[in-house]
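Results of the structural survey
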Amino acid sequence: MTAAYTSDEMMTVAAARQLHNGTVCFVGIGLPSTAATLARVTSAPDVVLIYESGTLGAKPARLPLSIGDGILAETADAVVSVPEVFNYWLQPGRIDVGFLSAAQIDRYANINTTVIGSDYRHPKVRLPGAGGAPEIAASCREVVVVLRQTLRTFVDRVDFITSVGFGQGPGDRQRLGLSGSGPRVVITDFGILTPDPETCELTLVSVHNGSTAEDARAATGWPLAVSPDLATTDPPTEEELTVLRRLEATQGA
Amino acid sequence: MTAAYTSDEMMTVAAARQLHNGTVCFVGIGLPSTAATLARVTSAPDVVLIYESGTLGAKPARLPLSIGDGILAETADAVVSVPEVFNYWLQPGRIDVGFLSAAQIDRYANINTTVIGSDYRHPKVRLPGAGGAPEIAASCREVVVVLRQTLRTFVDRVDFITSVGFGQGPGDRQRLGLSGSGPRVVITDFGILTPDPETCELTLVSVHNGSTAEDARAATGWPLAVSPDLATTDPPTEEELTVLRRLEATQGA
Amino acid sequence: MAEIVSLSDGIAAVVHDGDTLVMEGFTHLIPFAAGHEIIRQGRRDLTLVRMTPDLIYDQLIGMGCASKLIFSWGGNPGVGSLHRFRDAVENAWPLPIDLEEHSHAGMANRYLAGASGLPFAVLRGYVGTDLVAQTDTIRSITCPFTGEVLTAVPALSPDVTIIHAQRADRKGNVQMWGILGVQKEAVLAAKRSLITVEEIVDSLDPQPQEVVLPSFATTYVAVAPGGAHPSYAQGYSLRDNAFYTEWDAISKDRDTFLRWMDENVMRRAPAA
Amino acid sequence: MAEIVSLSDGIAAVVHDGDTLVMEGFTHLIPFAAGHEIIRQGRRDLTLVRMTPDLIYDQLIGMGCASKLIFSWGGNPGVGSLHRFRDAVENAWPLPIDLEEHSHAGMANRYLAGASGLPFAVLRGYVGTDLVAQTDTIRSITCPFTGEVLTAVPALSPDVTIIHAQRADRKGNVQMWGILGVQKEAVLAAKRSLITVEEIVDSLDPQPQEVVLPSFATTYVAVAPGGAHPSYAQGYSLRDNAFYTEWDAISKDRDTFLRWMDENVMRRAPAA
């Protein structure tokens with residue numbers, strides 16, 4: 001029998017499964033950090049975690065309080081400056097996976113973390129801003145996005161393109177000269193979406209246990225495409241759930 | 001009574017006297033390294049020595065075998081990469097004195113360390129090349145040059161401008177946009193030369209004990225200007241000579 | 001060579017109304033004590049520069065010290081919004097604030113150019129984002145060898161940079177270790193600098209992952225033990241995570257914020 | 001992730017005829033053992049790149065492995081000339097050698113650009129020197145913000161970079177310390193890399209002034225104890241200063257040189 005779990009837990013577990021031993025992952029702030037730590041502590045002990053704070057190969061055994069947590073420096077193979085982490089490590093395309101979250105995402109997986117509202121100078125909501133995301137989204141070989149799916153977060157067009165997914169559709173990344181291949185998968189609390197190989201449009205390919213395609217559609221601000229081969233995500237294992245809860249319980253301890 | 005000394009010893013001692021406590025000095029390869037070590041061990045213990053190998057604030061107690069000697073790293077306040085020493089430390093004009101040697105120097109204190117002969121592709125003598133000198137000569141607040149004075153080294157025009165002194169004369173450094181003020185003094189085994197404030201031409205301002213202006217003129221490939229206030233260099237002190245000889249005797253030990 | 005001074009004398013010497021001010025620290029070693037002293041000294045019209053403006057910049061903005069912010073990520077790390085920052089942007093309270101917004105990669109390279117004495121830096125960045133249209137300091141540049149078009153950003157050369165470090169020796173050489181962000185570049189890019197330290201020691205025993213800033217490269221050093229609180233100083237203190245969470249409630253309301261600042265900053269005697 | 005291999009297998013895997021090859025080391029940690037293996041494997045038509053070509057490049061040039069040299073200072077440090085280098089330039093013996101000549105600042109920035117994935121670097125350099133007329137890879141570039149004209153140099157992105165380091169762990173993470181020159185940048189700029197090390201250890205205890213190259217950033221690691229001789233490996237060996245002096249006599253004469261190479265390099269069994 002599987003233990004009960006929340007949709008947030010399912011989302012984090014599904015995101016963690018995107019990382020494998022040997023994967024070099026640039027870990028963005030927020031949800032990705034939890035998922036990356038979970039992956040390293042469970043199925044992918046040899047994942048290489050890189051944070052924009054300059055820690056290469058960090059091995060956090062608890063959830064970092066921020067991407068500049070001391071545990072990242074103490075356990076890292078190397079600590080470099082912030083200019084170096086962007087110039088020597090991210091920019092040349094050495095990173096396999098960029099792991100990002102977002103405040104808004106659109107059908108072409110463009111990401112907004114800057115402002116809500118159409119007037120940049122007079123926003124409805126001022127968000128934190130770009131951070132490392134634009135260049136992570138541009139230069140990593142591929143990108144994994146994790147965020148909760150609601151009508152506010154899944155919008156037809158983001159109010160502000162902070163980080164480019166597929167721009168306005170097929171061929172845009174190549175036209176812009178972005179070296180990475182862009183978002184490979186988006187993990188939400190409802191399911192898993194991947195870009196359609198032809199249209200680049202995000203398509204629901206898996207729903208988490210207990211959710212339906214209709215639930216996901218109702219939380220999406222455009223007519224969400226659903227794969228004819230829609231799968232159901234494996235629920236969290238006992239180990240995944242136990243470790244995730246232990247990590248979250250000891251946060252800040 | 002003053003001990004007997006060689007003209008090379010006088011040259012090194014006179015060069016060492018150019019450095020003072022608190023002076024930040026970029027030490028070039030060769031003769032400058034000996035003079036800088038002598039200065040630090042005698043009159044200027046708080047001189048800050050910087051080497052292009054990336055050692056900042058090195059405190060060698062013996063003569064380094066090269067500008068990449070381990071003693072420089074072991075005694076330095078910081079060891080940085082070679083790109084950093086040029087970009088963060090030399091280029092922005094943080095260095096007071098650039099301390100250089102040369103294979104040829106001309107009347108405007110331009111320096112050649114590249115080739116002897118007029119055809120770069122088929123040189124009479126292939127010299128080591130530029131190393132750090134062009135940018136040391138350009139960016140340090142001022143430059144001190146130390147080299148032996150002969151008809152082969154003191155030439156009317158250098159065969160190749162590796163590092164700019166005063167170019168073709170007054171105003172050239174400004175026209176070229178070089179931030180430092182250029183050579184302040186040239187120390188040889190005959191005496192001390194400084195650029196004329198109006199013409200920028202190297203002018204003999206001091207002769208070492210035992211040399212005359214005529215000796216210096218005879219070792220110079222252009223009609224050497226001599227200051228009307230020609231001085232005589234103070235001979236090496238007992239301490240300077242003792243320390244210099246100890247340093248040279250233990251080289252490589 | 002750096003001069004060792006008191007925190008209040010150091011701030012008075014380096015920070016003036018209208019200055020472009022950098023205070024850096026990437027979660028680690030954030031110079032809170034120095035920021036509080038700037039607020040107490042009543043500085044105005046500052047252009048604040050920081051990759052990750054967080055609580056200390058929220059406080060400076062909320063107290064009306066700033067007229068402009070140059071930044072790349074403004075949030076309360078691990079908690080959420082910066083309410084004083086948002087109130088300034090969304091409602092111009094207490095003053096309107098002008099924004100110059102970049103990415104981390106761009107900001108890091110702007111400091112790097114400043115530290116290198118160059119007027120600009122080149123990177124692969126911003127392409128396709130809406131930042132380009134909002135920020136005049138993002139332009140393109142063509143490689144003179146390959147013809148490839150890249151992005152250029154101008155150097156940051158602030159009037160003053162302030163950072164916090166673990167320690168200094170009596171000559172003013174500063175030693176820091178752990179996550180060091182862009183602190184070194186920010187100091188080297190500035191016309192003047194002040195480094196607050198946990199302590200002054202006789203000699204700087206080597207530390208893994210250390211960076212030493214030689215005395216000749218900085219202007220002032222001031223002792224400010226615990227000066228990074230509520231952030232941390234590796235080897236000296238832990239992050240006061242509870243405070244970051246509490247700040248959310250303190251800063252949400254203007255009056256609560258002003259009262260907190262009055263009690264915890266304005267009425268505190270400046271460090272000796 | 002880097003693979004741990006024998007020196008001879010590693011050289012065979014990374015160095016091919018016609019390659020652009022970088023071997024760096026600023027007096028310290030010069031990869032002599034690797035260079036000797038390249039000579040034994042009979043590589044030809046190499047473009048050799050190095051800021052300070054010294055004895056090992058003198059040997060490669062004298063043995064006819066190189067057709068071009070990209071460099072900034074070619075001498076026997078503390079001793080004098082490189083006679084094989086001079087003989088190639090002055091007399092085309094054993095082969096003519098094409099030169100691409102820079103300053104240290106330019107070469108360092110060319111590696112930096114390569115490591116950064118950029119096609120060029122910007123610096124203040126070369127202005128007024130005769131290098132500009134001789135070297136096609138020195139051009140000017142205009143700041144898009146200030147209009148100032150600066151110097152540009154193209155990135156170095158060699159086929160292969162080889163360096164020597166103190167040690168590696170069993171996963172192939174490499175640790176080095178002391179004077180490290182441009183080794184890190186040279187490795188990161190290359191398509192392939194091989195790092196020879198004094199030893200492989202279970203864990204890399206932190207060292208002052210260390211640089212760690214993570215395993216995922218390199219291609220091969222090979223054990224070559226004493227592989228930096230006659231240069232030194234800080235913490236492992238001292239510089240064999242006498243050899244640098246002896247080299248002057250050995251290398252001055254073509255036959256003496258060839259005899260020495262035959263006895264001391266060609267007839268030595270490749271490292272296992």
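Okay, the overall build of chain A next. The number of helices and strands found in chain A is 8 helices and 14 strands. For 253 residues, the compact-globule estimate of 2.2 N^0.38 gives 18 Å, and the C-alpha radius of gyration of chain A, at 17 Å, lies within 12% of that figure. Out of the 253 residues belonging to chain A, those deemed buried represent 64%. Long-range contacts, defined here as pairs at least 24 residues apart, represent 65% of the contacts in chain A between residues at least 6 apart. On chain A, roughly 8900 Å² of surface is accessible, and the fraction owed to carbon and sulfur atoms is 52%.

Looking now at the pattern of salt bridges. By the definition in use, this model includes 58 salt bridges over all chains. For aspartate 159 of chain C, the salt bridge identified is with lysine 191 of chain C, shortest N-O distance 3.5 Å. One end of the pair, aspartate 159 of chain C, is in the loop between β8 (149-154) and β9 (160-169); the other, lysine 191 of chain C, is in the loop between α7 (183-189) and β11 (192-201), and 32 residues separate them in sequence. In this structure, arginine 40 of chain D engages glutamate 37 of chain D in a salt bridge whose closest nitrogen and oxygen atoms are separated by 2.8 Å. A residue pair is termed a helical-turn pair when its members lie 3 or 4 positions apart in one helix, as arginine 40 of chain D and glutamate 37 of chain D do in helix α2 (residues 32-40) at 3 residues.

Listed by partner, the interface residues are 45 residues for chain D and 42 residues for chain B. Summed over both sides, the interface of chain D with chain B buries roughly 3600 Å², with 59% coming from carbon and sulfur. Counting the contacts that link chain D with chain B gives 1 salt bridge. Of the charged contacts, one joins arginine 126 of chain B and glutamate 101 of chain D as a salt bridge, the two residues approaching to 2.5 Å between their closest N and O atoms. Seen at the junction of chain D and chain B, the total is 19 residue pairs in polar contact (both at pLDDT 80 or more). Ranked by residues supplied to the side of chain D that touches chain B, first place goes to helix α5 (residues 104-115) of chain D with 5 residues. Here the side of chain D that touches chain B is built from residues that sort into 18 nonpolar, 19 polar and 8 charged.

All names here are of chain C. Split into domains, chain C comes out as domain 1 (3-102 + 157-266) and domain 2 (104-154). Summarising the inter-unit geometry, the C-alpha centres of domain 1 and domain 2 are found 26 Å apart. Listed by partner, the interface residues are 20 residues for domain 1 and 14 residues for domain 2. Summing both partners gives a buried area of about 1300 Å² for domain 1 against domain 2, and 70% of it is carried by carbon and sulfur.

Below, the discussion takes up the sheet that holds strand β7 (residues 139-142) of chain D. Residues and elements named next belong to chain D. Strand order in the open sheet formed by 3 strands is β6-β8-β7, and the pairing between neighbours is antiparallel. Either end of the sheet is taken by a strand with one partner, and the two such strands are β6 (120-123) and β7. Each adjacent strand pair in this sheet contributes to an overall mean axis angle of 45 degrees, direction not counted. Relative to strand β8 (residues 149-154), β6 is paired through 4 bridges, and the arrangement is antiparallel. Within the sheet, the bridge partner assigned to valine 122 lies in β8 and is alanine 152. α5 contacts β6 and β8 of the sheet and is inclined by roughly 140 degrees relative to β6.

A few words now on the packing of aromatic side chains. If you walk through the whole model with that rule in mind, you get 20 aromatic pairs over all chains. Aromatic pair tryptophan 89 of chain B and phenylalanine 216 of chain C: ring centres 5.6 Å apart, planes at 65 degrees, arrangement edge-to-face. With tryptophan 89 of chain B in helix α4 (residues 82-90) and phenylalanine 216 of chain C in the loop between β12 (210-213) and β13 (220-223), this pair bridges two chains. Connected via pairs of aromatic rings, a cluster forms that spans Phe243, Trp247, Phe257 and Trp260 of chain C. The positively charged end of arginine 94 of chain A is found above the aromatic ring belonging to tryptophan 89 of chain A, 5.8 Å away from the centroid.

The next subject is the confidence of the model for chain C. Per-residue pLDDT for chain C averages 97, and the proportion of residues at 70 or more is 99%. In the model output, the complex is listed with pTM 0.98 alongside ipTM 0.97.

Here we take up unusual backbone geometry. What you tend to see is this: most non-glycine residues have negative phi, and most peptide bonds are trans. The linkage connecting histidine 229 of chain C with the following residue, proline 230 of chain C, adopts the cis geometry, with an omega of 10 degrees. The residue proline 230 of chain C is located in the loop between β13 and α8 (241-252) in this model. Here alanine 109 of chain A, not a glycine, exhibits a phi torsion of approximately 65 degrees, which is positive. Assignment of secondary structure puts alanine 109 of chain A in the loop between β6 (104-105) and β7 (111-112). Its relative accessible area of 1% is what places alanine 109 of chain A among the buried residues.

The partner chain A presents 42 residues to the 45 residues of chain C that form the contact. Buried area between chain C and chain A, both sides added, is near 3600 Å², and the carbon and sulfur share of it is 59%. The largest share of the area that chain C buries against chain A comes from Trp73, Gln134 and Ile179 of chain C, three residues that together contribute 15% of it. At the junction of chain C with chain A, the criterion picks out 1 salt bridge.

This part covers the pairing of strand β3 (residues 55-58) of chain A. Residue and element names in this part refer to chain A. Sheet analysis places strand β2 (residues 48-51) next to β3, joined by 2 bridges and oriented antiparallel. Paired with isoleucine 50 across the strands is leucine 56, a residue of β3. What sits between β2 and β3 in their antiparallel hairpin is a turn of 3 residues, with glycine 54 showing a positive phi close to 105 degrees. Relative to strand β4 (residues 78-79), β3 is paired through 2 bridges, and the arrangement is antiparallel. The residue of β4 that forms the bridge with threonine 55 is valine 79.

Moving on: the sheet that holds strand β13 (residues 202-208) of chain A. Residues and elements named next belong to chain A. Taken in spatial order, the 10 strands make up an open sheet running β4-β3-β2-β1-β5-β10-β11-β12-β13-β14, and their pairing is mixed. Only two strands of the sheet have a single neighbouring strand rather than two, namely β4 and β14 (225-233). Where strand β11 (residues 183-187) meets strand β12 (residues 191-195), 2 bridges bridge the pair, whose relative direction is antiparallel. Of the residues in β12, the one forming a bridge with valine 186 is leucine 193. Contacts from helix α4 (residues 82-90) reach β1 (24-27), β2 and β3, with the element oriented near 145 degrees to β1.

Right, let's talk about the state of the cysteines for a bit. The final tally for this structure, using the stated rule, is 0 disulfides over all chains. Of the cysteine sulfurs around cysteine 140 of chain A, a residue in no disulfide, the closest is that of cysteine 25 of chain A, at 7.8 Å.

Looking now at empty space enclosed by the protein. One pass over the structure, following the stated rule, counts 6 cavities of 30 Å³ or more. Approximately 240 Å³ is the volume attributed to the largest cavity. Looking at the largest cavity, it is lined by 18 residues, and the ones nearest its centre are Leu112 and Val122 of chain C together with Leu112, Leu118 and Val122 of chain D. Mapped by element, the contributors of at least two residues to the lining of the largest cavity are α5 (104-115) and β6 (120-123) of chain C together with α5 and β6 of chain D. Here the lining of the largest cavity is built from residues that sort into 11 nonpolar, 7 polar and no charged. Roughly 100 Å³ of volume is contained in the second largest cavity. Taken together, Ile29, Glu52 and Ile67 of chain B together with Phe26, Thr27, Arg50, Thr52, Asp54, Trp73, Gly75, Pro77 and His104 of chain D make up the lining of the second largest cavity.

Basis of the calculations
- Residues numbered from 1 in each chain as written.
- Chains lettered and ligands numbered in written order.
- Predicted model: local features only at pLDDT ≥ 70, side-chain atom pairs only at ≥ 80, totals over all residues.
- Heavy atoms only, no water.
- Helix = DSSP H or I, 4+ residues; strand = E, 2+ residues; numbered from the N terminus.
- Rg over C-alpha atoms; globule rule 2.2 N^0.38 Å.
- Buried < 20%, exposed > 50% of the residue type's maximum accessible area, 1.4 Å probe, protein only.
- Contact = heavy atoms within 4.5 Å.
- Areas by Shrake-Rupley, 256 points an atom, 1.4 Å probe, with all protein chains shown as cover.
- Salt bridge = Lys/Arg side-chain N within 4 Å of Asp/Glu carboxyl O.
- Buried area = accessible area lost by both parts, 1.4 Å probe.
- Polar contact = N/O pair within 3.5 Å; in protein donor to acceptor, adjacent residues only side chain to side chain.
- Nonpolar A, V, L, I, M, F, W, Y, C, P; charged D, E, K, R; others polar.
- Domains from an automatic or database assignment.
- Pairing = 2+ DSSP bridges.
- Axes fitted to C-alpha atoms, helices over the stretch in contact; angles between N-to-C directions.
- Phe/Tyr/Trp six-rings, centres within 6.5 Å; stacked < 30°, edge-to-face > 60°.
- Lys NZ or Arg CZ within 6 Å of the ring centre and 35° of its normal.
- pLDDT = per-residue confidence, 0-100.
- Disulfide = S-S within 2.5 Å.
- 1 Å grid on protein atoms, 1.4 Å probe; cavity = no way out; pocket = protein on both sides within 12 Å on 5 of 7 lines; lining within 4 Å.
- Points joined across faces, edges and corners; volume = space filled by probe spheres on them.

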